[in-house]
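Here's the letter readout for the chains.
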Amino acid sequence: MENLIALLVAAPLLGAVILLCGGRRLDRTGHWLGTLLALGSFVVAALLFTDMLGRDGEDRAMHQHLFSWIPVGGFQADIAFQLDQLSMTFVLLITGVGSLIHIYSIGYMEHDERRRRFFGYLNLFLAAMLILVIADNYLLLYVGWEGVGLASYLLIGFWQHKPSAATAAKKAFLVNRVGDMGLSIAIMLMFTTFGTFAFGDVLAATGETSEGKLTAIGLMLLLAACGKSAQVPLQSWLGDAMEGPTPVSALIHAATMVTAGVYLITRSGAIFNAAPDAQLAVVIVGAVTLLFGAIVGCAKDDIKKALAGSTMSQIGYMVLAAGLGPIGYAFAIMHLVTHGFFKAGLFLGAGSVMHGMNDEVDMRKYGGLRKYMPVTFVTFGLGYLAIIGFPGLSGFWSKDKIIEAAFAYGDGVRPWIFGGVALLGAGITAFYMTRVMLMTFFGEKRWQPTPDPHKEPSAEPAADDAHAGEMPHPHESPKSMTIPMIVLAFGSVFAGGLFSLNESFVHWLEPVTAFEHPHPVISVPAITASTMVVLAIGVAIAWFMYGKRPVPVTAPRGSVLTRAARRDLLQDDFNHVVLVRGGEHLTRSLVYVDHTLVDGVVNGTAASFGGLSGRMRKLQNGFARSYAVSMLGGTAVLVAATLLMRAV
Amino acid sequence: MNPVNYLYLASLLFAIGATGVLIRRNAIVVFMCIELMLNACNLALVAFSRMHGNLDGQIIAFFTMVVAAAEVVVGLAIIVSLFRSRHSASVDDASLMKL
């Protein structure tokens, strides 16, 4: 069975190579090939999973050593895979949701002439993401880490003819680079500290290492996680990443790639457990992002950007949980999986709505769609109930556990702060998701004719605006799009309950991540009850603001907070002022120093040598007798000097 | 007779030779002045040999003579070929090697 592990990666990698190198003759069949290979990878994953279930918890981990990559003296880097329970969870999520989104994309990208290339990139992403989660050392993980970054860049900028998409892709790549730098520094630190970067050796050696070094490694890993998982302060790229096609947003920027940071922290759990300061930093980053994303999600009118804010916030929950240590790892991963289901479902639903509404993304121009898109409405609705944590659905089980664990973090004032933030986040989640739901599927129709790009704008103003462009005709999406949505809706409803049955998910992960029961400062039923109250308040406020009152088509000015949140809480302005301006000043002063000091020294040296040699060449006059004089003079000086030295 | 007087004579001869090398233009005369300097050295070496009571200086004087003979062969050949090509034995005329 262990030899099958490489096949997980090989199938989508083969697909990427064939689709990207195959040329136009694959245009008609390429998407089927890409989907089949993704499904093939899922089948292999399922086989490995059943095999793994047949064994005891402790020896479920499988290893496959392919070849020695860089053997230099004591330095050993292997292409080797490790498939334990944690990796298996990710592999199933990635290949499962990935396959569904491949199927969805067949319908969604039907009219795109570059569909083959799109599937090639999707397969490339799957391969890189699988390498990331089944690598058995940090260096190979880094390969996957960079691979998903590349695939994300290519897919965000897939509609490269739109300048906004091209810019968003560049932005995502650049911001991710900052995080990648953190990971590479962490790997270097590991190598100097432990002399190896295989998971097993590094994590086993944490006991004998000083806390300072572990804290440094932990903080660098956190920086890496912040970049990939869009956590404060490297969060600014995720909103713009919504320029990519919606299946990409669902797969990469909601379900899988952005959770790589959580994987990294959980995988490096032994390092963080031994470095409480780094852990506290993780918790703070998670808590801040949780609120940040939620507030941004409340103000966005673009349905995908609202969902992106929500993704940021939910990953904040996961990072928060991963920072809590053994009481939180399992819940972080559980929320990650359930979030993978319902957020991918929500994004696919958003894509379906956009598909029916001529690619309109402004929710203020939706309204009343539930009658026209019943399947989308029901699946989106189930995803909505799951994400706000409606009792019994997936989000309820996983998010509630995180809130409980947050209330059990440390002592003194800490559990109250972080538990309170997690609880507040649940309320805001309920608010913004209800807002999305009400603005899209309920209320009056606020559809606007879309400006037709093919028509010349007529000289005389149209008598009726409705005739200026084509009114959208909302319709249900084709089967290839609705079926993945239905499957994901099932996951959104049942996954959490299934995982919580006899704590099966926690026990499944326990051999890898260890587990301790959290002991919250207030009783568990009280936490559940207060979560429900907060949730109800959030829903009620949203209903009062967007359900009871009509939604204006043009956004009102709003409060200061709303306006700031519409601009992503000024993150870009902050980056511009602090980083761009600061960088400009830094480079300008460096250029000044370079021109005056460095160039001054170099040019001065050159000029003085030039002048000196100009004078010295005059000695070279060609007359043998003058050379003889200098020889005689030189000898005389030498003799005089020698005699003088003797005399002294 | 005090051997130091030989050293005075050798210094005088060397100074005359050096002055000749520096101020005369005719290559033959310059050449002869160089021989004069070499022989002044020989004289000094032999005088030293006498002063120190061993034969080292005399042996070196023989070496000098051998080298001087070889130098004469090469040097005269150069002067002859120089004269053939330029119809002049002036050392200042052969001043092409300059920047």
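Residues numbered from 1 in each chain as written. Chains lettered and ligands numbered in written order. Predicted model: local features only at pLDDT ≥ 70, side-chain atom pairs only at ≥ 80, totals over all residues. Heavy atoms only, no water.

An unreviewed UniProt entry annotates chain B as NADH-quinone oxidoreductase subunit K originating from Streptomyces alfalfae. Quoted verbatim from the Sequence similarities (unreviewed entry) field of UniProt, the annotation for chain B is "Belongs to the complex I subunit 4L family." (UniProt positions renumbered as here; feature names shortened; annotations may be inferred.)

Chain A goes by NADH-quinone oxidoreductase subunit L in an unreviewed UniProt entry, where it is assigned to Streptomyces indicus.

Undergrad: Just checking my understanding: could you explain the domain arrangement of chain A for this structure?
TA: You'll often see interface size given as the accessible area lost when the parts meet. Once the domains are mapped, chain A shows domain 1 (297–452 + 471–556) and domain 2 (576–647). Distance between the C-alpha centres of domain 1 of chain A and domain 2 of chain A: 72 Å. (Domains from an automatic or database assignment.)

Undergrad: It is not clear to me how the packing of helix H3 (residues 85–108) of chain A against helix H4 (residues 115–134) of chain A should be interpreted in this structure. Could you clarify?
TA: Packed helices, taken two at a time, are described by the angle their axes make and the gap between the axes. All names here are of chain A. At a minimum axis distance of 10 Å, the contact between H3 and H4 shows a crossing angle of 175 degrees. Considered as vectors, H3 and H4 are oriented roughly antiparallel to each other. Seen from H3, the contacting residues are Ser87, Phe90, Val91, Ile94, Thr95, Gly98, His102, Ser105 and Ile106; seen from H4, they are Arg115, Phe118, Phe119, Leu122, Asn123, Leu126, Met129, Leu130, Val133 and Ile134. (Axes fitted to C-alpha atoms, helices over the stretch in contact; angles between N-to-C directions. Helix = DSSP H or I, 4+ residues; strand = E, 2+ residues; numbered from the N terminus. Parallel < 35°, antiparallel > 145°, perpendicular 65-115°, else oblique. Contact = heavy atoms within 4.5 Å.)

Undergrad: Teacher, can you tell me more about H3(A) here?
TA: One turn of the α-helix equals 3.6 residues, which is why residues spaced by three or four share an orientation. Between its first and last C-alpha, H3(A) extends 33 Å over 24 residues, near the 34 Å set by a 1.5 Å rise per residue. Counted residue by residue, H3(A) has 22 buried out of 24 residues, so it is predominantly covered. (Expected span 1.5 Å × (residues − 1). Buried < 20%, exposed > 50% of the residue type's maximum accessible area, 1.4 Å probe, protein only.)

Undergrad: What is the right way to read the interface of chain B and chain A from this model?
TA: Taken residue by residue, the interface counts 13 residues in chain B and ten residues in chain A. Here chain B and chain A share an interface that buries about 1000 Å² over both sides, 62% of which is from carbon and sulfur atoms. Linking chain B to chain A there are one salt bridge. Asp92(B) is paired through a salt bridge with Arg625(A); the nearest N and O atoms lie 2.7 Å apart. Remark: the boundary between chain B and chain A carries three residue pairs in polar contact (both at pLDDT 80 or more). Along the lines of polarity and charge, the residues of the side of chain B that touches chain A split into eight nonpolar, one polar and four charged. (Buried area = accessible area lost by both parts, 1.4 Å probe. Salt bridge = Lys/Arg side-chain N within 4 Å of Asp/Glu carboxyl O. Polar contact = N/O pair within 3.5 Å; in protein donor to acceptor, adjacent residues only side chain to side chain. Nonpolar A, V, L, I, M, F, W, Y, C, P; charged D, E, K, R; others polar.)

Undergrad: Could you clarify how one ought to interpret the packing of helix H16 (residues 374–388) of chain A against helix H17 (residues 394–406) of chain A in this entry?
TA: All names here are of chain A. Where H16 meets H17, the closest approach of the two axes is 6 Å, and the angle between their N-to-C directions is 20 degrees. On the basis of their axis angle, the class for H16 and H17 is roughly parallel. Note that H16 runs across H17; the crossing there is right-handed. In contact with Ala386, Ile387 and Ile388 of H16, H17 contributes Ser394, Gly395, Phe396 and Lys399. When grouped by side-chain class, the residues that make up the contact of H16 with H17 number four nonpolar, two polar and one charged. (Left-handed = near helix turned anticlockwise from the far one by under 90°.)

Undergrad: Would you mind going over the UniProt feature "domain: NADH:quinone oxidoreductase/Mrp antiporter transmembrane" (unreviewed entry) in chain A with me for this structure?
TA: Sites flagged by UniProt as "domain: NADH:quinone oxidoreductase/Mrp antiporter transmembrane" (unreviewed entry) map to residues 135–411 of chain A. The annotated region residues 135–411 of chain A carries 73% helix and 0% strand content, and the separation between its end C-alpha atoms amounts to 36 Å.

Undergrad: Explain the UniProt feature "transmembrane region" (unreviewed entry) in chain B here, please?
TA: Residues and elements named next belong to chain B. Taken from the UniProt record, the annotation "transmembrane region" (unreviewed entry) applies to residues 6–23, 28–48 and 60–83. In the segment residues 6–23, helix accounts for 100% and strand for 0%; the C-alpha atoms at its two ends are 26 Å apart. Within residues 60–83, the helical portion is 100% and the strand portion 0%, while the C-alpha atoms at the span's ends are 33 Å from each other.

Undergrad: Help me understand the pairing of strand S2 (residues 75–83) of chain A in this model?
TA: Residue and element names in this part refer to chain A. Across the nine residues of S2, seven count as buried, placing the element largely inside the fold. Pairing between strand S1 (residues 62–72) and S2: nine bridges, direction antiparallel. Across the sheet, residue His65 finds its bridge partner in S2, namely Ala80. In sequence, S1 turns back onto S2 through a hairpin of two residues, with Gly73 there showing a positive phi of about 55 degrees. (Pairing = 2+ DSSP bridges.)

Undergrad: Just to check I follow, could you spell out the environment of Thr289(A) for this structure?
TA: All names here are of chain A. As for its position among the elements, Thr289 is in helix H13 (residues 276–299). Classification of Thr289 by relative accessible area gives buried; the value is 0%. Measuring from C-alpha to C-alpha, the distance between Thr289 and Gly309 comes to 9.6 Å, with 20 residues separating the pair along the chain. Residue contacts for Thr289: discarding those within four places in its chain leaves Ala230, Gln231, Val232, Ala294, Met312, Ser313 and Gly316.

Undergrad: Sorry, what's going on with a nonpolar patch on the surface here?
TA: Residue and element names in this part refer to chain A. A cluster of nonpolar side chains, contributed by Val533, Ile537, Ile541, Trp543, Phe544 and Met545, occupies part of the molecular surface with about 560 Å² of accessible area. With respect to the helices and strands, Trp543 occurs in helix H21 (residues 524–548). Since its relative accessible area comes to 45%, Trp543 is described here as partly exposed. (Patch = residues over 30% accessible without salt bridge, like charges linked within 9 Å, V, L, I, M, F, W, Y side chains within 5 Å. Areas by Shrake-Rupley, 256 points an atom, 1.4 Å probe, with all protein chains shown as cover.)

Undergrad: Whenever I open this one, the confidence of the model for chain B confuses me. Can you help?
TA: Detailed reading of the predicted coordinates is not advisable wherever pLDDT falls low. Across chain B, the average pLDDT comes to 90, with 97% of residues at 70 or higher. The ipTM assigned to the predicted complex is 0.84, against a pTM of 0.79. (pLDDT = per-residue confidence, 0-100.)

Undergrad: Would you mind going over a negative patch on the surface with me for this structure?
TA: Judged by side-chain charge, Asp56(A), Glu58(A), Asp59(A) and Glu510(A) come together as a negatively charged surface patch. By the secondary structure assignment, Asp59(A) is in the loop between helix H2 (30–53) and S1. (Lys, Arg positive; Asp, Glu negative; His and termini not counted. Charge placed at Lys NZ, Arg CZ, Asp CG, Glu CD.)

Undergrad: For this particular structure, what's the right way to read the packing of aromatic side chains?
TA: To describe a pair of aromatic rings, you give the distance between the ring centres and the angle between the ring planes. Residue and element names in this part refer to chain A. Taken as a whole and assessed by the stated rule, the structure comprises 22 aromatic pairs over all chains. Between Tyr121 and Phe158, the ring centres sit 6.2 Å apart and the planes meet at 90 degrees, which makes this aromatic pair edge-to-face. A residue pair is termed long-range when its members are at least 10 positions apart, and Tyr121 in helix H4 and Phe158 in the loop between helix H5 (138–156) and helix H6 (163–194) qualify at 37 residues. The pair Tyr121 / Phe158 is uniform in exposure class, with both members buried. Centre to centre, the rings of Phe331 and Phe515 are 5.7 Å apart; their planes meet at 85 degrees, and the pair counts as edge-to-face. Separated by 184 residues along the polypeptide, Phe331 in helix H15 (residues 329–356) and Phe515 in the loop between helix H20 (504–513) and H21 bring together distant segments of the chain. The exposure classification of Phe331 matches that of Phe515, with both residues buried. The structure contains a cluster of three or more aromatic residues connected by ring pairs, namely Phe118, Phe119, Tyr121 and Phe158. Taking the ring centre of Phe158 as reference, the NZ or CZ of Arg114 above it sits at 4.6 Å. Sitting over the face of the ring of Phe199, Arg267 holds its NZ or CZ atom 5.2 Å from the ring centroid. (Phe/Tyr/Trp six-rings, centres within 6.5 Å; stacked < 30°, edge-to-face > 60°. Lys NZ or Arg CZ within 6 Å of the ring centre and 35° of its normal.)

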